[in-house]
Amino acid sequence: MKKDIDFHPVTGVKLAIAKDNINGNIEWAVYIINLNLIELNTVMITSKGYGVIDGEEKKTSTLRHMIQELGAESIAKIEPIDPALFALNNEYWVSYYILDQIFDKKFIFTEGSMDPSNMTYIPELDMEGILHG
């Protein structure tokens, strides 16, 4: 049972939604950033969007991603994201192992958080976006 598992607090792991200019086209994607000096193993990520648009409840499919190993001080692209989804809450549940210890954290990019006024430069990605830690 999940209640019987001792989850440790997550430190040194961040998520970012960032834009990249690829051949003149703006593409958005979600990235995981490992700032730790040790690799992460069996990184499992679920993502889903939910909220209200024009008075109607909206919900996306739940997607599941697996990264076998994320090296120390490295990044990985999780998934592309359509800017139309920025009107929703975008939730990412991240679980991973460091050695034999499991870590678990929910990251939520709330609706409206992708407003251009909230964008910052993310040096780890060398891109503009929103960083969630």
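Whatever comes next refers back to the structure up there.
Anyway, here's the lowdown on the structure attached to this text. Just so you know, these numbers come straight off a predicted model, no measurement behind them.

What counts as what
- Residues numbered from 1 in each chain as written.
- Predicted model: local features only at pLDDT ≥ 70, side-chain atom pairs only at ≥ 80, totals over all residues.
- Heavy atoms only, no water.
- Helix = DSSP H or I, 4+ residues; strand = E, 2+ residues; numbered from the N terminus.
- Contact = heavy atoms within 4.5 Å.
- Phe/Tyr/Trp six-rings, centres within 6.5 Å; stacked < 30°, edge-to-face > 60°.
- Buried < 20%, exposed > 50% of the residue type's maximum accessible area, 1.4 Å probe, protein only.

Quick word on the side chain of N36
Checked against the element boundaries, N36 lands in the loop between β2 (25-34) and β3 (40-53). If we skip the residues at most four places from it in the chain, N36 touches T11, G12, V13, A72 and E73.

A closer look at the packing of aromatic side chains
Under the criterion given, the structure shown has three aromatic pairs. A ring pair is formed by W28 and F86, whose centres lie 5.0 Å apart and whose planes are at 80°; its orientation type is edge-to-face. Linking W28 in strand β2 with F86 in the loop between β6 (74-80) and β7 (89-98), this pair joins segments that are 58 residues apart in sequence. For W28, a relative accessible area of 13% corresponds to the buried category. Using a relative accessible area of 13% as the deciding quantity, one classes F86 as buried.

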